[in-house]
Amino acid sequence: MKIPFFNYPDLFKNNKNDLIKIFEDVGNRGAFILQKDLSDFENNLAKYTGAKYAIGVGNATDGLQLSLMAGELESNSEVIISSHTMIATASAINHIGSVPKPIEVGEDLMIDYNEIEKVINDKTRAIMPTHLNGRTCNMDKIQLIADKYNLDIYEDAAQALGSTFRGKSAGTFGIAAAISFYPAKNLGSLGDAGAILTNSDHIYEKILMLRDHGRDPKTGDVKCWGVNSRMDNLQAAFLNFMLSNYDKIVSRRREIAKLYDSELRSIEQIKLPPAPSNGDHFDVFQNYEIQAENRCQLREYLHDCGIGSMIQWSGKAIHQFRNLGFKENCPYTDGLFEKILMIPLNMFISDDDVFEVIKTIKNFYNK
Ligand SMILES: Cc1ncc(COP(=O)(O)O)c(C=O)c1O
């Protein structure tokens, strides 16, 4: 493939010398579990996002689940989510004995805040919006509803490190939020890793225990039921290094998004994500997800021309998992899922690659 959707070996190769040095350093110190590299990364991440605390965990899915556990959601309560999210958002809720309630997405592909009130009932306890594709939801609208009905907010910020709404970082609005460092994420580790952000002292103390078998970090005494979900110290050391370059990563991603925006905006058969400069939002473009007419044919054409693309979640919205018991109907989202397609946007593609993608899409639509 000439321009793969994401080239995993490049994540290592592009930083090989630094990463090998870090590996040797951590290895020589035998610093594998809950060591200084992890606390350094947690401090740096908290500083970067403006959260009071960051806690490294095994992955963002665990991060969501631990957040809900720390928030002590009653079992059988309902949590409202967007239907355009990873199954992880829903499974975290399911695993703590609550019920995920997927609803329609709006034009920006994220939870349609106009639909939230329609599904609130006496079992509803929380909203868990997903900041999709590196864009923060309109949290003012969501907060208003949460305040009105006394609901908690937990954020799925897996895709949104560094994105902001009205100057405030994704992951800092609710009780707690999870960020993913899956290798293909904007800040990608060399394996699985995640973090929880919170501004609450109580939630922070609780999660420190929950991620480590319920043990008190100072005494080792078991204080509650927990799990084992500690971010590997080695991954934390890699991530510390990558975080120091994160501003460059974000600005390159926004640069590519700007190129796509200016070159593809005139094609009426496709709808683009909002442009990089758009009022209240600062987007970090985890993905560049377009809505395309004749999506499957376009994807095939791109593939034949050596260009990778992806349909998010393998093309299935949450409510469409009837096998998992979902009964909700979201016709607008169903329509979107016939059109959505992600085109290459990452650190490893050149401007020439971007123009090749643009030219190929133009050719497909005879532009
Ligand atoms: C929106 C969303 N939520 C949750 C997750 C889960 O993250 P992780 O793979 O770190 O568990 C992802 C990862 O792709 C995601 O995109």
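Because the structure is a prediction, the values reported are computed rather than measured. (Residues numbered from 1 in each chain as written. Predicted model: local features only at pLDDT ≥ 70, side-chain atom pairs only at ≥ 80, totals over all residues.)

**Student:** Which residues make up the nonpolar core, and what values do they have?
**Tutor:** Grouped together as the largest cluster of nonpolar side chains are 104 residues, with contacts concentrated most on Ile55, Ile127, Ile179, Ala195, Ile196, Ile207 and Leu239. In terms of residue count, the dominant contributor to this core is helix 9 (residues 233-243) (seven residues). Inspection of this core shows a minimum of three residues originating in each of domain 1 (8-243) and domain 2 (246-364). Sequence-distant contacts of Ala195, defined by excluding residues within four places in its chain, comprise Leu45, Ala54, Ile55, Gly56, Val57, Gly63, Ile179 and Met231. (Core = buried A, V, L, I, M, F, W, Y, C linked by C-beta atoms within 7 Å. Buried ≥ 20, exposed ≤ 12 C-beta atoms within 10 Å, placed from the backbone. Helix = DSSP H or I, 4+ residues; strand = E, 2+ residues; numbered from the N terminus. Domains from an automatic or database assignment. Contact = placed C-beta atoms within 7 Å.)

**Student:** Please provide a residue-by-residue account of the site of the ligand, values included.
**Tutor:** If you check the shell around the ligand, you find 14 residues, and the closest are Asn59, Ala60, Thr61, Ala158 and Ser180. Elements supplying a minimum of two residues to the shell around the ligand: helix 4 (60-70) and helix 5 (87-95). The class makeup of the residues in the shell around the ligand is five nonpolar, eight polar and one charged. (Near = placed C-beta within 6 Å. Nonpolar A, V, L, I, M, F, W, Y, C, P; charged D, E, K, R; others polar.)

**Student:** Can you break down helix 5 residue by residue, with the values?
**Tutor:** Within the span of helix 5, buried status applies to Ala88, Thr89, Ala90, Ala92 and Ile93. On its buried face, helix 5 sits against helix 4, strand 2 (78-82), strand 3 (99-103), strand 4 (124-128) and strand 5 (152-156).

**Student:** Give me the lowdown on the packing of helix 3 (residues 36-49) against helix 9, citing residues and values where you can.
**Tutor:** Orientation of helix 3 relative to helix 9, taken along the N-to-C sense of each, is 40°, at an axis distance of 8 Å. When the axis of helix 3 is compared with that of helix 9, the two are oblique. Of the two elements, helix 3 crosses helix 9, and the hand of that crossing is left-handed. Across the interface between the two elements, Asp37, Leu38, Asp40, Phe41, Asn44, Leu45 and Tyr48 from helix 3 touch Asn233, Ala236, Ala237, Leu239, Asn240 and Leu243 from helix 9. (Axes fitted to C-alpha atoms, helices over the stretch in contact; angles between N-to-C directions. Parallel < 35°, antiparallel > 145°, perpendicular 65-115°, else oblique. Left-handed = near helix turned anticlockwise from the far one by under 90°.)

**Student:** A description of the sheet that holds strand 11 (residues 277-278) should follow, citing residues and the corresponding values.
**Tutor:** The sheet built from four strands is open, its strands ordered 7-6-12-11 with antiparallel pairing. In the strand order of this sheet, the two ends are held by strand 7 (168-169) and strand 11, each with one partner. Both strand 6 (residues 164-165) and strand 12 (residues 281-282) contribute to a ladder of two bridges, which runs antiparallel. Within strand 12, the position partnered with Thr164 by the bridge is Phe282. (Pairing = 2+ DSSP bridges.)

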